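Breakdown of the fold
Listed below, chain by chain, are the residues.
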Amino acid sequence: MEYTGYDYPPYRPPSEAGSALLRIVRGCTWNKCAFCSMYKDLKFEQRRKEEIFWEIEHLREFFPTAKTVFLGDSNPLIHKDIVEIISYLREKNPWIERVTAYARARTIAKMREDKLKALKLAGLNRVHIGMESGDDEILKMIDKGATSEDLITAGRKAGRYFEVSYYYILGLGGMERSKRHAISSAKVVNEAKPNFLRVRTLTVIPNTPIERMVGDKITLLTPEKQLEELKLLVRNVEAKLYFTCDHVSNYLFHKNRPFFTGVHGMLPDERERMLEEIDITIDLVKNLEGVMNSNDLAKVGSIIL
Ligand code: SF4
């Protein structure tokens with residue numbers, strides 16, 4: 001096949017910054033989550049296997065130093081040839097140490113065990129799943145297309161075959177639902193038992209459905225309330241996992257400089273240290289004028305997510 005130009009997936013998690021990127025599908029099968037703008041202008045399609053195979057054969061030329069591979073876009077495991085594609089990827093690139101992919105919770109919850117097993121045998125190691133919230137009212141409000149039960153089923157099923165990363169959106173329920181958002185999400189995480197829990201803070205992107213909810217159904221969290229919600233989440237997660245705020249949306253700024261970059265560590269072992277860090281930051285925020293979070297910065301155009 002002739003070279004037609006490498007087709008890069010437009011998004012990947014921060015933890016995949018060093019990975020080779022391989023686009024399996026374009027866009028998102030669901031494309032309805034109220035906070036998300038990622039693939040709104042893109043019609044979902046499965047890429048042709050021949051195109052993907054060409055990129056697999058030339059992967060090293062495009063990513064000469066990568067050791068790991070991330071599969072895009074948002075739900076690549078539904079591609080009809082995904083097992084064959086991952087097998088070919090591994091066969092042609094023996095340098096690969098890890099293959100990861102985004103996956104929708106409901107897709108995994110419905111997937112047959114023999115398919116999950118085949119994906120593992122082909123060489124898939126880790127899935128990134130957007131939980132966002134474990135609270136059914138919030139999941140419905142943001143049109144996640146998954147229930148807390150789906151999230152628990154997906155985590156348990158995926159965990160039998162792969163490492164699992166779950167994502168939580170701090171502030172997604174607004175001030176109105178902050179406590180139940182944190183507590184219900186911790187309950188789901190405790191049942192689903194992912195290996196990683198990664199936090200993003202809700203940052204409202206213009207022209208997304210959630211923008212219309214702000215000021216009506218949702219009151220955005222202040223920096224102090226954001227920290228209170230984070231604290232509640234850290235306090236209630238009992239599952240053994242690595243907890244991280246590995247995204248700039250979690251940062252707090254003073255005079256445009258970040259002074260809080262989230263908390264990171266193993267739960268439950270490092271819980272007390274993490275809670276202490278949050279408490280120190282809460283005290284700081286109470287006594288400091290002009291602390292800004294990602295939404296404050298987005299309003300003045302100083303941050304683009
Ligand atoms: S958050 Fe994920 S599942 Fe939801 S619309 Fe965006 S890409 Fe699709």
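See the structure shown above.
Being a predicted model, the structure only gives us computed values, none of them experimental.

Parameters and conventions
- Residues numbered from 1 in each chain as written.
- Predicted model: local features only at pLDDT ≥ 70, side-chain atom pairs only at ≥ 80, totals over all residues.
- Heavy atoms only, no water.
- Pairing = 2+ DSSP bridges.
- Helix = DSSP H or I, 4+ residues; strand = E, 2+ residues; numbered from the N terminus.
- Axes fitted to C-alpha atoms, helices over the stretch in contact; angles between N-to-C directions.
- Contact = heavy atoms within 4.5 Å.
- 1 Å grid on protein atoms, 1.4 Å probe; cavity = no way out; pocket = protein on both sides within 12 Å on 5 of 7 lines; lining within 4 Å.
- Points joined across faces, edges and corners; volume = space filled by probe spheres on them.
- Nonpolar A, V, L, I, M, F, W, Y, C, P; charged D, E, K, R; others polar.
- Buried < 20%, exposed > 50% of the residue type's maximum accessible area, 1.4 Å probe, protein only.

On the basis of which strands lie adjacent, the open sheet formed by eight strands has the order β1-β4-β5-β6-β7-β8-β9-β12 and mixed pairing. Both outer strands of the open sheet, β1 (20-23) and β12 (264-267), are each paired with one neighbouring strand and no more. Taken over all neighbouring pairs, the strand axes of this sheet differ in orientation by 25° on average, direction set aside. Bridge count for strand β8 (residues 196-201) against strand β9 (residues 241-244) is three bridges, and the pairing is parallel. Note that in β9 the partner of phenylalanine 196 across the bridge is tyrosine 242. Docked against the sheet, helix α11 (residues 271-287) engages β9 and β12, running at close to 140° with respect to β12.

Before going further, it helps to spend a moment on empty space enclosed by the protein. With the rule as written, the count across this model stands at two cavities of 30 Å³ or more. The computed volume of the largest cavity comes to approximately 60 Å³. Leu170, Gly171, Thr201, Leu202, Leu220, Leu221, Gln226, Asn293 and Asn295 are the residues that line the largest cavity. Here the residues of the lining of the largest cavity sort into four nonpolar, five polar and no charged. As a volume, the second largest cavity reaches approximately 50 Å³. If you trace the second largest cavity, you find it lined by Leu170, Val199, Thr201, Gln226, Leu227, Leu230, Cys245, Asn250, Leu252 and Phe260. Contributions of two or more residues to the lining of the second largest cavity are made by β8 and α10 (223-236). The element contributing the most residues to the lining of the second largest cavity is α10, with three residues. A breakdown of the residues in the lining of the second largest cavity according to their chemical character gives seven nonpolar, three polar and no charged.

Note on placement: lysine 43 falls in the loop between β2 (25-26) and β3 (45-46). You can call lysine 43 exposed: its relative accessible area is 73%. Separated by 156 residues in the primary sequence, lysine 43 and valine 199 place their C-alpha atoms 28 Å from one another.

Cis geometry is adopted by the peptide bond preceding aspartate 73, which originates at glycine 72 and carries an omega value of -5°. Phi is positive for asparagine 31, which is not a glycine, with a value near 60°. Note on placement: asparagine 31 falls in the loop between β2 and β3. Given a relative accessible area of 21%, asparagine 31 falls into the partly exposed group. Phi at glutamate 132 is positive, roughly 70°, even though this residue is not glycine. Relative to the elements of secondary structure, glutamate 132 occurs in strand β6 (residues 126-132). The buried category is assigned to glutamate 132, whose relative accessible area is 7%.

Read these as layout, nothing more, since geometry by itself doesn't imply function.
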